[in-house]
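Structural description and commentary
These are the residues of each chain, in order.
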Amino acid sequence: MLAIDDLTVRYRTAAGEIEALSSVSLTVAKGSTLALVGESGSGKSTVALAAMGLLPPEARLPAGRILFDGQDILTMNAEERRRLRGSRIGLVFQDPFSVLNPSLRIGDQVGEGLIHHRGFTQERAFARAIELLDEVGIINPEAVAKAYPHELSGGMRQRALIAGALASEPELLILDEPTTALDVTIEAQILDLLESLRVRRGLTMLFISHNLGVVRRIADEVAVLYAGQIVEQGATEDVLQRPVHPYAKGLLAAIPRLGQKKGRLASIPGRLPDLRNPPTGCRFARRCPFATPDSEAPQVLRDIGARKVRCTQAEALRDIAWPVLGEDA
Ligand code: ATP
Ligand code: MG
């Protein structure tokens, strides 16, 4: 359904050019869910925006193709892309508050796309919005359709946004951190909703998160992104049970536990490298507890069993866990 092939994206900034993605390849099979996981700045939203044909003008794409159902999104004109977004691809962002218009009723916003893309009257779009709100598990859809965003809880707003993304009956849903702003209980409910929608509607999903823990409930496959490169990819259960790449091990060790405050990957010390001038060797080496002189060499993504891993030491590291620091370390 979606095939991203050797995609490189650079952003022009006043301080120089940033390489946000370096030769990223991903495929999402029809009816399956791929999770894309990585910390802030790793390039996740850039993948989402590129797949929607929504990259800003300062983005440059020196290489790559993005095929949606066989058609290259990058060679389409603006109108063709707009039509694709209005029909076959739906997008859900992280923060519903920033996307929802505070002065419009929820029902009008959920049905908005139907007016623009399908020629619905406002009345018909509003009626359809009520059905969609019902479908995403909102208990009193008539009342919620007439409400304004500030009258809803965070979880309800996120459900409303999902309803809006479903209005165009998309085949592919791209979800960029749809549960990051929610607390753990509500997050679990939204993940259950997405899973049931996937089954009921036969949706294909690209699910983006910085939390490797949440993808267990929802994804068939997971790709771990670090500094614009895929470092590990494989079946979700495999990767979660036994991550091979040190960064994936670190992410797993950093999963917030129930009852714990949502942390931001506190157990991997250090920061992303400068993407204006990324290291030619392993991009994670400076933060990696297992780095050796070999890490200075360029790392390629290679097959290790059913998995893809970008680490020359992958075989040696297979059974070694991320070093767990003591509570007071
Ligand atoms: P987050 O978890 O914070 O949403 P992300 O993984 O989605 O992060 P991106 O938003 O894709 O990361 O950004 C990747 C890199 O590209 C970052 O270094 C970011 O600062 C940079 N970047 C993103 N958009 C732009 C832009 N419009 N102009 C310049 N740099 C950008
Ligand atoms: Mg992002």
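Structure first, text after, so check above.
Anyway, here's the lowdown on the structure attached to this text. (Residues numbered from 1 in each chain as written. Chains lettered and ligands numbered in written order. Predicted model: local features only at pLDDT ≥ 70, side-chain atom pairs only at ≥ 80, totals over all residues. Heavy atoms only, no water.)

Digging into empty space enclosed by the protein
- Within the structure shown, the criterion is met by three cavities of 30 Å³ or more.
- For the second largest cavity, the calculated volume is near 70 Å³.
- Lining the second largest cavity are 14 residues; nearest its centre among them are Pro 246, Cys 282, Cys 288, Ser 295 and Cys 311.
- Tallied by class, residues from the lining of the second largest cavity come to nine nonpolar, five polar and no charged. (1 Å grid on protein atoms, 1.4 Å probe; cavity = no way out; pocket = protein on both sides within 12 Å on 5 of 7 lines; lining within 4 Å. Points joined across faces, edges and corners; volume = space filled by probe spheres on them. Nonpolar A, V, L, I, M, F, W, Y, C, P; charged D, E, K, R; others polar.)

Some remarks on the site of ligand 1
- In the vicinity of ligand 1 there are 16 residues, among which Ser 40, Lys 44, Ser 45, Thr 46 and Glu 58 approach most closely.
- At 2.5 Å from an oxygen atom of ligand 1 is found a side-chain nitrogen or oxygen belonging to Ser 40.
- Lys 44 has a polar side-chain atom sitting 2.8 Å from an oxygen atom of ligand 1.
- For ligand 1, whose unbound accessible area comes to 630 Å², protein coverage reaches 69%.
- At three residues, helix 1 (residues 44-51) tops the list of elements feeding residues into the shell around ligand 1.
- Here the shell around ligand 1 is built from residues that sort into five nonpolar, seven polar and four charged. (Near = heavy atom within 4 Å. Polar contact = N/O pair within 3.5 Å; in protein donor to acceptor, adjacent residues only side chain to side chain. Areas by Shrake-Rupley, 256 points an atom, 1.4 Å probe, with all protein chains shown as cover. Helix = DSSP H or I, 4+ residues; strand = E, 2+ residues; numbered from the N terminus.)

Quick word on the sheet that holds strand 11 (residues 302-304)
- Here eight strands make up an open sheet; going across it, the order is 6-7-8-3-9-10-12-11 and the pairing mixed. Two strands close off the open sheet at either side, each with one partner strand: strand 6 (89-92) and strand 11. Between one strand and the next, the sheet's axes are offset by a mean angle of 20°, whatever the strand orientation.
- Judged from the five bridges that link them, strand 7 (residues 172-176) and strand 8 (residues 204-209) form a sheet pairing that is parallel. Of the residues in strand 8, the one forming a bridge with Ile 174 is Leu 206. (Pairing = 2+ DSSP bridges. Axes fitted to C-alpha atoms, helices over the stretch in contact; angles between N-to-C directions.)

Brief notes about the packing of aromatic side chains
- As enumerated under the stated definition, the model contains four aromatic pairs in all.
- Ring geometry for Tyr 226 against Tyr 247: centres 4.5 Å apart, planes inclined by 55°, an arrangement best described as tilted. Of this pair, Tyr 226 sits in strand 9 (residues 221-226) while Tyr 247 sits in helix 11 (residues 246-253), and the two are 21 residues apart along the sequence. Side by side, Tyr 226 and Tyr 247 carry an identical accessibility label, which is buried.
- Here the aromatic rings of Phe 284 and Trp 322 are separated by 6.4 Å at their centres, their planes lie at 35°, and the arrangement is tilted. Here Phe 284, found in the loop between helix 11 and strand 11, pairs with Trp 322, found in the segment after helix 12 (314-317); they are 38 residues apart in sequence, far enough to count as distant. An identical accessibility class is assigned to Phe 284 and Trp 322; each is buried.
- Members of the aromatic cluster, joined through ring pairs, are Tyr 226, Tyr 247, Phe 284 and Trp 322.
- Positioned above the aromatic ring of Phe 120 is the side chain of Arg 124, whose terminal nitrogen or guanidinium carbon lies 3.9 Å from the ring centre. (Phe/Tyr/Trp six-rings, centres within 6.5 Å; stacked < 30°, edge-to-face > 60°. Buried < 20%, exposed > 50% of the residue type's maximum accessible area, 1.4 Å probe, protein only. Lys NZ or Arg CZ within 6 Å of the ring centre and 35° of its normal.)

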